[in-house]
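Below, each chain spelled out in residue letters.
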Amino acid sequence: MEKIAVLTSGGDAPGMNACIRAVVRTALSFNMDVYGVERGYAGLIKGEINRLGTRSVSDMIHKGGTFLKTARCPDFKDKEVQRLAVETLSAYDIQGLVAIGGDGTFRGARDLSENFGIKVIGIPGTIDNDLNYTDYTVGFDTAVNTVLWAINNLRDTMHSHDRVSLLEVMGRKCGDIALYAGVAGGAEYVLVPEIPYDLDEISKSIKKSYLRGKTSNMIILAEGAGNRDEIAKYVQEKSGINVKVTNFGYIQRGGSPNMQDRVLAARFGYKAVELLKNDSDSCAIGIKDNKVITVPFSEVSTRTGRFDTELYDIAHTLSL
Ligand code: ADP
Ligand code: F6P
């Protein structure tokens, strides 16, 4: 294979730029031409595509976001719209595509592969860590560390005022950001979509902890686990203690990628191009027990139902 393209799609994630850089520099080292598609599948159908060189990715490794930009393109589910993407690739004689994104991006990749025979390699890039086949996705670790920074700040002010803090974090239907930030930040309660919780129990336990002399508590709520304002109102009424809500929002999706995300991006980007160079079948790349793995798109799904209950139990035990 001599000509490939790379795109980022879905929600951006820290480390996407490092990943594009790895794809570009690996391709050039294999004497392949490499093109960058702007705005994911939306740009691919419109022909927003440019040749990239080694300097195109200079000074990018430490930057959050994605310089290729990203987009959601709901129309891409339509086969006739996908055909427009194939026409763009054909016009540039591009034989392979690297798609960096999450589950939705991989569904688009699978369609391009199955419906049109395009070789597509998927690299997991999403803060949500919500894919079933990989231990980590690019962006997750940085997002959790950003949430930790927020937890540290919240602790200071909540402790000073004897308040309960409820911090909502992202993750769609996956509770990993909440779980890992909760464990690392010493949160008393971690509410995730994967595990049922009892607000009566939580309110009683908060009240008891105040009577014992523990005057501030931290609740981390995964966005898919309930409505933050309703939960806060309920706990405040039942416990009699002031609950302050923070929705951390998009701040957790930006920022310079940390070591883990940059190294993951480098390993994934290199592997993706190596697979295309060898004309391998379309697949998704992941990491399992610190080894880079590949799985067919047919085995990829969102990670509902697979959750680290052991870590969740540890969070609970340590919250006393
Ligand atoms: P993520 O890749 O992070 O899961 P999205 O769910 O928004 O983000 O998906 C990214 C893009 O992938 C969508 O905007 C759309 O262009 C494409 N996509 C999503 N689902 C499908 C599907 N079922 N078939 C084809 N393309 C899809
Ligand atoms: O998939 C990443 C993510 O940030 C989710 O955690 C969140 O639910 C969603 O994207 C937000 O999407 P948008 O950027 O379209 O508001």
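Parameters at a glance
Residues numbered from 1 in each chain as written. Chains lettered and ligands numbered in written order. Predicted model: local features only at pLDDT ≥ 70, side-chain atom pairs only at ≥ 80, totals over all residues. Heavy atoms only, no water. Axes fitted to C-alpha atoms, helices over the stretch in contact; angles between N-to-C directions. Helix = DSSP H or I, 4+ residues; strand = E, 2+ residues; numbered from the N terminus. Parallel < 35°, antiparallel > 145°, perpendicular 65-115°, else oblique. Left-handed = near helix turned anticlockwise from the far one by under 90°. Contact = heavy atoms within 4.5 Å. Nonpolar A, V, L, I, M, F, W, Y, C, P; charged D, E, K, R; others polar. Buried < 20%, exposed > 50% of the residue type's maximum accessible area, 1.4 Å probe, protein only. Near = heavy atom within 4 Å. Polar contact = N/O pair within 3.5 Å; in protein donor to acceptor, adjacent residues only side chain to side chain. Areas by Shrake-Rupley, 256 points an atom, 1.4 Å probe, with all protein chains shown as cover. Domains from an automatic or database assignment. Salt bridge = Lys/Arg side-chain N within 4 Å of Asp/Glu carboxyl O. Phe/Tyr/Trp six-rings, centres within 6.5 Å; stacked < 30°, edge-to-face > 60°. Lys NZ or Arg CZ within 6 Å of the ring centre and 35° of its normal.

Enquirer: What's the story with the packing of helix H7 (residues 199–211) against helix H8 (residues 228–239) in this structure? I'm lost.
Expert: The contact between H7 and H8 brings their axes to 9 Å, and the two run at 50°. Looking at the two axes, H7 sits oblique to H8. Our pair here, H7 against H8, has a crossing hand that is right-handed. Residue-level contacts link Leu199, Asp200, Ser203, Ile206 and Lys207 of H7 to Ile231, Tyr234, Val235, Lys238 and Ser239 of H8. Here the residues of the contact of H7 with H8 sort into 5 nonpolar, 2 polar and 3 charged.

Enquirer: Teacher, can you tell me more about unusual backbone geometry here?
Expert: Peptide bonds are mostly trans, and most non-glycine residues show a negative phi. One non-glycine residue, Lys69, adopts positive backbone phi at about 65°. Take Lys69: it is sitting in the loop between strand E3 (49–52) and helix H3 (79–91). Lys69 gets classed as partly exposed once you look at its relative accessible area, which sits at 44%. With phi around 50°, Arg172 is a residue other than glycine that occupies positive phi space. Following the sequence through the fold, Arg172 ends up in the loop between strand E6 (164–169) and helix H6 (176–185). Given the relative accessible area of 48%, Arg172 is considered partly exposed.

Enquirer: What is the right way to look at the site of ligand 2 in this model?
Expert: Neighbouring ligand 2 are Arg72, Thr126, Ile127, Asp128, Met170, Gly171, Arg172, Glu223, Tyr250 and Arg253. Between an oxygen atom of ligand 2 and a side-chain N or O atom of Arg253, the distance comes to 2.8 Å. Relative to its unbound accessible area of 400 Å², ligand 2 is 76% covered by the protein chains. Looking at the shell around ligand 2, its residues break down into 3 nonpolar, 2 polar and 5 charged. Counting the residues that make up the shell around ligand 2, at least three belong to each of domain 1 (3–139 + 257–299) and domain 2 (141–253).

Enquirer: Would you explain the pattern of salt bridges in this entry?
Expert: For side chains bearing opposite charge, pairing can occur when the charged atoms are close. Here the structure, examined in full by the defined rule, presents 15 salt bridges. For Arg107, the salt bridge is made with Asp103, and the minimal N-O distance between the two is 2.7 Å. With Arg107 and Asp103 both in helix H4 (residues 103–116) and 4 residues apart, the pair spans about one turn of that helix. Overall, the relative accessible area of 13% leaves Asp103 in the buried class. Among the ionic pairs, Glu188 bridges to Lys214, the shortest N-O distance being 2.9 Å. Here Lys214 lies in the loop between H7 and strand E8 (217–222) and Glu188 lies in the loop between H6 and strand E7 (189–191), a separation of 26 residues in the sequence. The network of salt bridges with shared partners includes Glu38, Arg39 and Glu48.

Enquirer: Would you explain the packing of aromatic side chains in this entry?
Expert: The geometry of an aromatic ring pair is captured by two quantities: the separation of the ring centres and the angle between the planes. One pass over the full model with this rule turns up 8 aromatic pairs. For the ring pair Phe140 and Tyr180, a centre distance of 5.3 Å and an interplane angle of 85° mean the geometry is edge-to-face. With Phe140 in helix H5 (residues 140–161) and Tyr180 in helix H6, this pair connects stretches of sequence that are 40 residues apart. For Tyr180, a relative accessible area of 25% gives the class partly exposed. Taken together, the ring pairs in this structure connect Tyr136, Phe140 and Tyr180 into an aromatic cluster. The aromatic ring of Phe30 is capped on one face by Lys277, whose charged end is 4.6 Å from the ring centroid.

Enquirer: Would you mind going over the environment of Ile231 with me for this structure?
Expert: Along the chain, Ile231 falls in helix H8. Residue classification places Ile231 among the buried residues on the basis of a relative accessible area of 4%. For the pair Ile231 and Phe67, spaced 164 residues apart in sequence, the C-alpha separation works out to 38 Å. Excluding residues that lie within four positions of it along the chain, Ile231 makes contacts with Leu166, Leu191, Tyr197, Leu199, Leu221, Ala225 and Gly226.

Geometric values such as these leave the question of function open.
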